[in-house]
Amino acid sequence: MKTILNTNYVKKIFYLSILFLAAPVFAQEKIEEKKVNISGSIDAYYQTNLSASDNVAQSFGTSFADELGFALGMANIITTYEGEKTGVVADITFGPRGESATGGFNLNQLYTYWKVSKGTTLTMGRFNTYLGYEVISAVENFNYSTSYLFSSGPFSHVGVKADFSLSDDFSLMLAFMNVTDTNNNLTGAYSVGVQLGYSDQFLNFYYDDGEVLGFEVDYTGGFDVLDSFFLGINAAYADNDGNGFYGGVLYPQLAVSEEFKIGLRGEYFSVMSDMINDDSSVTGLTLTGSYTVENLTIKPEIRLDTWSDEMPYVNADGLTSDKLSSFLIAAIYSF
């Protein structure tokens, strides 16, 4: 007696056999799939003085955007690798902005991290500062030029930090580091940092026993006043045995449309010195527009700084002045 095999049944057995034999290969490919991401940005600008001739080399005294005519910002390439519990970040910079921020080291950030538990992460290496509202990258700042508070505080730290997620709203960061912006510690001096966070409002502390900044306390936060209106806030006080600074900055920002936003930075900043009785202070106003098309952002900006008692600038007549105003337009591309 002959046995008649069902053709469909034979096909099913064949396909299942192929899947069974190929399953280890697919699984291996899934295991070996690397979570590598590459991103970065470039920025450049044009700047001219409004209250003075461009023939005199002068700037506001804050970090970056301190050249006249057409000038370069920086290019950076950020490579990240993310494992299940561990990962690395390498942020390499090129250009004047990056060299100024890193002291020519060309590494904005280079660190590895370990997610010890769901709410605890350890990080070691070079990472950008937790102090202040503004950052080094032009992509992350609304204003293209920077504030006095940002320029006076740390840019980056080299050390180890622990981030704790205490609840949905509360966070805590503890850090043990070289003194600010020091890659090679030849003095044996260290610093400690603390950050308390609540619902995107952060109270920050830094202490280095008088080696660089001494002690600094900083508040950084902001609020969505309306759906289209955001108010950012930064205030800081730093004291190093009678020398230091203090000040406050407001960042009101209005979204006119999906592509265009406008923002004002209003800053009061004062320098403390045990060499003089009266502190020198400056009031700065910076109006910035931000128009985005795809990954390109164009930022026109007008800035006016006025010092209280010093004459740090030269006006259009070649005389010393306590005021300086300028116009710049920046192009920022992120990828």
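Worth saying up front: this structure is predicted, and the values here are computed from it rather than measured.

Caption draft 1: Quick look at the pattern of salt bridges. Throughout the structure, instances matching the rule amount to five salt bridges. For Lys115, the salt bridge is made with Glu82, and the minimal N-O distance between the two is 3.8 Å. Linking Lys115 in strand β4 (residues 107-117) with Glu82 in strand β2 (residues 69-82), this pair joins segments that are 33 residues apart in sequence. Put simply, Lys323 and Asp322 hold a salt bridge, and the shortest N to O gap is 3.5 Å.

Caption draft 2: Spotlight on the packing of aromatic side chains. For the structure shown, the criterion picks out twelve aromatic pairs. Both rings, one in Tyr148 and one in Trp307, keep their centres 5.9 Å apart while their planes meet at 85°; by these two values the pair is edge-to-face. Placement of Tyr148 in helix α3 (residues 148-152) and of Trp307 in strand β15 (residues 296-307) is noted, with a sequence separation of 159 residues between them. Trp307 matches Tyr148 in its accessibility class, with the two residues each being buried. One aromatic cluster is present, built from ring pairs that chain together Tyr148, Phe245, Phe269 and Trp307. The ring centre of Phe127 lies 4.8 Å from the NZ or CZ of Lys161, which sits over that ring. Just above the ring of Phe142 sits the side chain of Lys299; from NZ or CZ to the centre is 5.2 Å.

Caption draft 3: A look at the pairing of strand β18 (residues 323-334). In the sheet, strand β1 (residues 36-49) pairs with β18 via nine bridges, with the strands oriented antiparallel. Bridging from a neighbouring strand, Ser41 pairs with Ser334 of β18. Both β15 and β18 contribute to a ladder of eleven bridges, which runs antiparallel. Bridge pairing in β18 links Pro300 to Ile329.

Caption draft 4: Region of interest: the side chain of Ser270. For Ser270, the position within the fold is in strand β13 (residues 260-272). Residue contacts for Ser270: discarding those within four places in its chain leaves Gly244, Phe245, Tyr246, Asp279, Ser280 and Ser281.

Caption draft 5: Region of the structure containing the nonpolar core. Among the nonpolar cores identified, the biggest contains 27 residues, and Tyr148 and Tyr206 are the most heavily contacted of them. Secondary structure elements with two or more residues in this core: β4, α3, β7 (170-178), β11 (229-240) and β12 (243-255). If we ignore the near neighbours within four places in the chain, the residues touching Tyr148 are Phe60, Thr62, Glu267, Phe269, Val282, Arg303, Asp305, Trp307 and Tyr313.

Caption draft 6: Highlighting unusual backbone geometry. Of note in this structure, Ala65 is not a glycine but carries a positive phi near 45°. Relative to the elements of secondary structure, Ala65 occurs in the loop between β1 and β2. Positive phi, normally seen in glycine, also occurs at Asp200, with a value near 70°. Tracing the sequence through the fold places Asp200 in the loop between β8 (190-198) and β9 (201-207).

Caption draft 7: Just the environment of Lys261, in detail. Tracing the sequence through the fold places Lys261 in strand β13. For Lys261, a relative accessible area of 41% puts it in the partly exposed group. Considered as a pair, Lys261 and Tyr291 are 30 residues apart in the sequence and their alpha carbons are 6.6 Å apart. With residues near it in sequence (within four places) discarded, Lys261 still touches Phe142, Leu254, Ala255, Val256, Thr288, Gly289 and Ser290.

How each quantity is defined
Every chain is numbered independently, its residues counted from 1 as its sequence is written. With pLDDT at 70 or above as the cut-off, local features in this predicted model cover only qualifying residues; side-chain atom pairs require 80 or more to be listed or tallied, and sums for whole chains, interfaces and linings still use all residues. Each side-chain value is derived from all of the structure's non-hydrogen atoms; neither hydrogens nor water enter the calculation. Whenever Lys or Arg places a side-chain nitrogen within 4 Å of a carboxyl oxygen from Asp or Glu, that contact is recorded as a salt bridge. Helix and strand assignments follow DSSP, with helices taken as H or I runs no shorter than four residues and strands as E runs no shorter than two, numbered in order from the N terminus. Aromatic pairing here means that ring centres of Phe, Tyr or Trp (its six-membered ring) are within 6.5 Å. Orientation follows from the plane angle: under 30 degrees is stacked, over 60 is edge-to-face, and everything else is tilted. With a 1.4 Å probe rolled over the protein chains alone, any residue whose accessible area is under 20% of its type maximum counts as buried; one over 50% counts as exposed, and the rest are partly exposed. Whether a charge lies above a ring is judged from NZ of Lys or CZ of Arg, which has to be within 6 Å of the ring centre and within 35 degrees of the ring normal. DSSP calls a pair of strands paired once it identifies at least 2 bridges connecting them. Whether two residues are in contact is decided by their heavy atoms, any of which lying within 4.5 Å being enough. Remark: nonpolar core denotes a set of buried residues (Ala, Val, Leu, Ile, Met, Phe, Trp, Tyr, Cys) joined through side-chain atoms within 4.5 Å.

Fair warning: the whole summary comes from geometry, so function is off the table for now.
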